[in-house]
Amino acid sequence: MAGIFRALGDLLRGSRPEPPSPARLEALRAGYRARCESFRRLLAANNAALDIMASMEEALRGQKPFGMTFVRGQCARVAANVFQIVRQLSILADGRYDALFERLKAIQAAVAPHLESRSGGSGGPLVLPLAETGVHLADEVGGKMSSLGEIVRRLGRRIPPGFAVTASGYRRFMEASDLQAEIDRRIQTADASRLDELFALSSALQKLILAAPLPGDLERAILEAYRNLETQAGEGVRVALRSSAVGEDALGASFAGQYQSELNVPADEILETYKEIVASKYGLTAMTYRLTRGIPDEDVAMCVGCMAMVGAEAGGVAYSRDPLDIRGGAVVVNAVHGLPKAVVDGSFDPDVFLVERGEPMRLARAEVADKPTKYVCDPAQGIALVDVPPGEAGAPSLSEAQVLEVAALAADMEEFYGLPQDIEFALAPDGGIVLLQSRPLHESGRREEAAPPDTRLPVLLSGGTTAAPGVGCGPAFAVRKDADALRFPDGAVLVAAQAHPRWAPLLSRAAAVVCEAGSAAGHLANVAREYGVPALLGVAGALEALDGAGEVTVDADNRRVHPGRAEELLALRPAPRNLMEGSPVHAALAGACAHIVPLNLIDPDAPDFTPEHCRTLHDVTRFCHEKSVREMFLEGEQAGLEGFSKQLTCGKSKLKYWVIDLEDGFDGPVEGRFVDIARIASGPMRALWRGMTAVPWAGPPAADARGFLAVVAGAASNPELEPTVASAFTVKNYFMISKEFCNLQSRFGFHFCTVEAQAGDDPQENYVSFQFKGGAADLPRRRSRALLVAGLLEERDFRVEVREDALFARLEGLDQAATLDRVAVLGYVVIHTRQLDMAMGNEAVIGPLREKMEKDIAGLSG
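About the cut-offs
- Residues numbered from 1 in each chain as written.
- Predicted model: local features only at pLDDT ≥ 70, side-chain atom pairs only at ≥ 80, totals over all residues.
- Heavy atoms only, no water.
- Phe/Tyr/Trp six-rings, centres within 6.5 Å; stacked < 30°, edge-to-face > 60°.
- Helix = DSSP H or I, 4+ residues; strand = E, 2+ residues; numbered from the N terminus.
- Buried < 20%, exposed > 50% of the residue type's maximum accessible area, 1.4 Å probe, protein only.
- Lys NZ or Arg CZ within 6 Å of the ring centre and 35° of its normal.
- Expected span 1.5 Å × (residues − 1).
- Arc of directions from axis to C-beta.
- Salt bridge = Lys/Arg side-chain N within 4 Å of Asp/Glu carboxyl O.
- Axes fitted to C-alpha atoms, helices over the stretch in contact; angles between N-to-C directions.
- Parallel < 35°, antiparallel > 145°, perpendicular 65-115°, else oblique.
- Contact = heavy atoms within 4.5 Å.
- Nonpolar A, V, L, I, M, F, W, Y, C, P; charged D, E, K, R; others polar.
- Pairing = 2+ DSSP bridges.
- Polar contact = N/O pair within 3.5 Å; in protein donor to acceptor, adjacent residues only side chain to side chain.

Enquirer: It is not clear to me how the packing of aromatic side chains should be interpreted in this structure. Could you clarify?
Expert: The tally for this structure, following the rule as stated, stands at 10 aromatic pairs. A centroid spacing of 5.7 Å and a plane angle of 45 degrees characterise the contact between Tyr657 and Phe735, whose relative ring orientation is tilted. With Tyr657 in strand 23 (residues 653-661) and Phe735 in strand 25 (residues 734-738), this residue pair connects regions lying 78 residues apart in the sequence. Grouping residues by exposure puts Tyr657 and Phe735 together as buried. An aromatic cluster of three or more residues is present, and its members are Tyr97, Phe609 and Phe623. For the cation-ring pair, Arg40 lies above Phe741, with the distance from its terminal atom to the ring centre recorded as 3.8 Å.

In structure tokens, the structure reads:
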């Protein structure tokens, strides 16, 4: 056996010095207690560091969104804990491993570049005419405006004349009042995982921006650009102000409807409206979207396009390919009377035209919706929703020739950019088609062939339009106002009257979406496809039918809603997407983790098990843990401190546990190398021991063939399971105790666990913490075991968190008797979960075993 055990064996077999004098003995004991305290701090920091590393690994692999605040915070926390580990080892080892401090600095220096902001400077022009922009200026005017600039410069297509307030202009605004520093401070102190906190933060940040004055040079630049626009579009021309944030098209992110646009703005309101558009960067929808898609807040500069307003007779959105069948050849045109706003915000159903490619193009299908109202420009209100004249509501919004012209425009944009495009257009009063936007169209991830409808299942609701494909299940939850959104539960089916973009923040938590109005061309539909959330829109009577219906299954592919949980359909679902993967924030975390998480130092007897070969923070913790145990044992034995650690006995039986008495853990002086369990005075250790021995362990549960293969595969892929390699699996099981305290670090089977408990007269000081990780089977089985243990502990007041195969549980504040009862439960758990992972997945074994464990634990009380 390698490492510590060989060293200890050599020591124990060697000659022993003469016993020290009483004064010397007392001095040694005082020094020993101080060392124990350092060792205890080191272990606490070690556990905290490994906990943080586990959370970082889980973030990389999981579905929960996180921002740069999380990345920087976790990096800082893990570095602080590893520094504490190194510091305590330095105390224990009298500075023999202080080279670790330099390694720590070097590793932190390697992590630092991944945490830096990528935002640019403010040295460029504050405004730029659209006709002078292009994709080469995407970082200065944003994706939306650079695309329009490219189209007008290269293709001469008709777009509204105008200008862009640049990223440099935005940064000039942020710097002038030191806005960015205050915004960053407020974001860092908020809990991004709570929608109510984000809601309050969003409101506060937007007010902050609206209250800040524009710097004089930026004001002058905007007004001068507007005067130039008047020379092209006429004096007093009204404008549309559209967001054009930098990075909108990054990584397939559509940013559909996440930022504000204002239409028909008069000249005297341009400056204030500009601030409103900038403030919309911190709208709730935009903040949650960036968080979900892993886009750093600080990297997003809000550019704003200011274009002459088009008083559209009709307008809408066209896709150069069907977003639900992007490999098909059809062009899809969605249009309404008046301004195209109603199409993108899901207010009501548009006309849908399907155009087949060919020479010439051909209108293959027209679905004309009833459109009793439309949005128009209004001199007083900006825009207004008005009734359409009698007979017009059911008329097509575009003629066949206009549909084909729009379809040809969409196809041309696809050819120009080499990618399917999503364009927004307006039919100008002169009959011409004006292009308002062109951006990449993202594939929905639809299965090649959707499963046919299951006619055996009862149907609660049917009809509508498939806006995002797939099947989802959860409790139906009707959302009518913002307060409802704050109560929206994880995994629920979102039910609403309109497919409004303001419900987009709920999509990362929704199992499916059903709305009474809206179309596949709306912003909410775009985001649902992006998130992979099944969405069924335009379903008449959805609110009345589903509000209070309990659990339902939404089959968006076949436009049906079934009562209850339809396992037959859910079994066909694809695995959920990791929306963060590949994003800038994900890349930052992955880059930092490469210097933090990997474990390279495996064998403590290998020549490279040195501070100089610590390549990651995990290596540093591994090295320090190994050396700290060695230092504790070696120091005590070398100092002749008889009884520094004692092997536990039970009668005449020697047990494979060692006990370190921190102060008053024994019932009196204990001579020799052994201590019997009857001499233990530590309440928590006695309670733990009671749980460990109350019910004899019956051996590992029977594993099926898959479980056996999972163990074989796990052993083959995990170097720490190699029996010839000294590793953390060969760490000695030892208790550190005092009368009211116990810490057990151990390995049982192939899993590690740490139990720590304080149980005294003051409930405020009492606590129990438990960490559990590892196993020999594959990750799904190990995780299943962790979840089984979590279930047992949650029913006994523990707060439990499971990350991958690691479990963290804690409780505080109980009286002494109740605390000791919970410690006994942990004693039972650490013994009776040995090798349980190989049987996970076999419910025939696990079900009865779970029942037996519940019964055994119930018998432990008292």
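Enquirer: Which parts of the structure should I look at to understand helix 9 (residues 216-233)?
Expert: Each α-helix turn comprises 3.6 residues. Residues three or four places apart therefore point the same way. Over its 18 residues, helix 9 extends 26 Å from the first C-alpha to the last, a length consistent with the 26 Å expected when each residue adds 1.5 Å. Along helix 9, the residues classified as buried are Leu218, Ala221, Ile222, Ala225, Tyr226 and Leu229. Projection of helix 9 onto a plane perpendicular to its axis shows the buried side chains occupying an angular sector of 135 degrees, all on one side. In helix 9, those exposed residues whose orientation departs by more than 90 degrees from the buried face are Arg220 and Thr231.

Enquirer: Teacher, can you tell me more about the pattern of salt bridges here?
Expert: Note on pairing: side chains with opposite charge can pair once their charged atoms come close. In total, this model carries 32 salt bridges according to the counting rule given. Across the salt bridge formed by Glu272 and Lys275, the nearest N and O atoms sit 3.4 Å from each other. With Glu272 and Lys275 both in helix 10 (residues 270-279) and three residues apart, this pair spans about one turn of that helix. A relative accessible area of 44% places Glu272 in the partly exposed class. Among the residues examined, Lys275 registers a relative accessible area of 5% and is labelled buried. Put simply, Glu150, Arg153 and Arg154 are held in one network by salt bridges that share partners.

Enquirer: How do you make sense of the packing of helix 5 (residues 138-154) against helix 13 (residues 400-417) when you look at a structure like this?
Expert: Helix-helix packing is characterised by the crossing angle of the two axes and by the distance between the axes. Where helix 5 meets helix 13, the closest approach of the two axes is 12 Å, and the angle between their N-to-C directions is 95 degrees. Judged by the angle between their axes, helix 5 and helix 13 are roughly perpendicular. Note on element contacts: helix 13 touches helix 5 through Met413, Phe416 and Tyr417, opposite Ser147, Glu150, Ile151 and Arg154. Residue composition of the contact of helix 5 with helix 13, grouped by class: four nonpolar, one polar and two charged.

Enquirer: Quick question: what am I supposed to make of the pairing of strand 25 here?
Expert: On a regular strand, one side chain projects to one face of the sheet and the next to the other, so that they alternate. Burial of strand 25 is extensive: five of the five residues sit out of reach of the surface. Residues Tyr734, Met736 and Ser738 line one face of strand 25 and the alternating positions Phe735 and Ile737 line the opposite face, and both faces are buried. Here strand 23 pairs with strand 25 via four bridges, running parallel. For Val659, the partnering residue across the bridge sits in strand 25 and is Phe735.

Enquirer: Looking at this structure, how should I read the environment of Glu567?
Expert: One can find Glu567 in helix 17 (residues 567-570). A relative accessible area of 45% places Glu567 in the partly exposed class. In this structure the C-alpha to C-alpha distance between Glu567 and Cys473, which are 94 residues apart in sequence, comes to 9.3 Å. Looking at Glu567, its side chain comes within polar contact range of the side chain of Arg565, at 2.7 Å.

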